[in-house]
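Spelled out, the chains give:
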Amino acid sequence: MATKCGKIQVQAIELVNDGTGLSFSIISARTSDVIVKTIVPGGVPDRDGHLRLGDHILVLV
(Lines give C-alpha, C1' and ligand atoms only; values in the text may rest on other atoms or scores of the structure.)
Protein backbone atom coordinates (compact mmCIF):
# COMPACT_ATOMS: atom_id res chain seq x y z
CA MET A 1 0.00 0.00 0.00
CA ALA A 2 1.40 3.40 -0.96
CA THR A 3 0.09 6.81 0.04
CA LYS A 4 1.37 10.09 -1.40
CA CYS A 5 1.43 13.19 0.79
CA GLY A 6 2.81 16.00 -1.35
CA LYS A 7 6.32 14.87 -2.28
CA ILE A 8 6.43 12.16 0.38
CA GLN A 9 5.33 8.61 -0.39
CA VAL A 10 4.53 6.23 2.46
CA GLN A 11 4.56 2.55 1.58
CA ALA A 12 3.98 -0.56 3.71
CA ILE A 13 6.56 -3.24 2.96
CA GLU A 14 6.59 -6.74 4.41
CA LEU A 15 9.96 -8.49 4.44
CA VAL A 16 10.03 -12.08 5.68
CA ASN A 17 13.30 -13.40 7.10
CA ASP A 18 14.30 -16.47 5.07
CA GLY A 19 16.71 -17.61 7.78
CA THR A 20 19.66 -15.60 6.45
CA GLY A 21 18.71 -12.32 8.17
CA LEU A 22 17.11 -9.27 6.63
CA SER A 23 20.37 -8.11 4.99
CA PHE A 24 20.15 -4.35 5.44
CA SER A 25 21.59 -1.85 7.89
CA ILE A 26 20.15 1.35 9.30
CA ILE A 27 21.43 4.60 10.77
CA SER A 28 19.69 7.04 13.05
CA ALA A 29 20.11 10.68 12.10
CA ARG A 30 17.91 11.84 14.98
CA THR A 31 15.92 10.02 17.61
CA SER A 32 12.95 9.77 15.25
CA ASP A 33 14.76 9.14 11.94
CA VAL A 34 15.75 5.60 11.00
CA ILE A 35 17.28 5.52 7.52
CA VAL A 36 18.34 2.57 5.34
CA LYS A 37 22.15 2.76 5.03
CA THR A 38 23.00 -0.43 3.11
CA ILE A 39 21.22 -3.30 1.38
CA VAL A 40 23.15 -6.53 0.88
CA PRO A 41 23.08 -7.74 -2.76
CA GLY A 42 20.97 -10.90 -3.04
CA GLY A 43 19.40 -10.42 0.40
CA VAL A 44 15.68 -10.31 1.15
CA PRO A 45 15.18 -6.55 0.54
CA ASP A 46 17.33 -6.63 -2.60
CA ARG A 47 15.28 -9.47 -4.09
CA ASP A 48 12.00 -7.80 -3.02
CA GLY A 49 13.00 -4.51 -4.68
CA HIS A 50 10.86 -2.12 -2.61
CA LEU A 51 13.34 -0.94 0.03
CA ARG A 52 15.93 1.56 -1.25
CA LEU A 53 19.02 3.25 0.19
CA GLY A 54 18.04 6.44 2.00
CA ASP A 55 14.47 5.28 2.72
CA HIS A 56 13.11 6.36 6.11
CA ILE A 57 11.64 3.57 8.21
CA LEU A 58 8.61 4.72 10.18
CA VAL A 59 7.55 1.47 11.90
CA LEU A 60 9.10 -1.97 12.42
CA VAL A 61 6.89 -4.80 13.63
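These numbers were taken from a predicted model, which means no experiment stands behind them.

Caption draft 1: Seen up close, the pattern of salt bridges. The tally for this structure, following the rule as stated, stands at one salt bridge. For D18, the salt bridge identified is with R47, shortest N-O distance 2.8 Å. Separated by 29 residues along the polypeptide, D18 in the loop between β2 (8-11) and β3 (24-30) and R47 in helix α1 (residues 44-48) bring together distant segments of the chain. The partly exposed category is assigned to D18, whose relative accessible area is 41%. A relative accessible area of 52% means that R47 is categorised as exposed.

Caption draft 2: Focus on the pairing of strand β4 (residues 33-39). Pairing of β3 with β4 involves six bridges; the strand directions are antiparallel. In the sheet register, S28 faces β4, and the bridge partner there is V34.

The rules we used
Residues numbered from 1 in each chain as written. Predicted model: local features only at pLDDT ≥ 70, side-chain atom pairs only at ≥ 80, totals over all residues. Heavy atoms only, no water. Salt bridge = Lys/Arg side-chain N within 4 Å of Asp/Glu carboxyl O. Helix = DSSP H or I, 4+ residues; strand = E, 2+ residues; numbered from the N terminus. Buried < 20%, exposed > 50% of the residue type's maximum accessible area, 1.4 Å probe, protein only. Pairing = 2+ DSSP bridges.

Remember, this is a structural readout, not a statement about activity or role.
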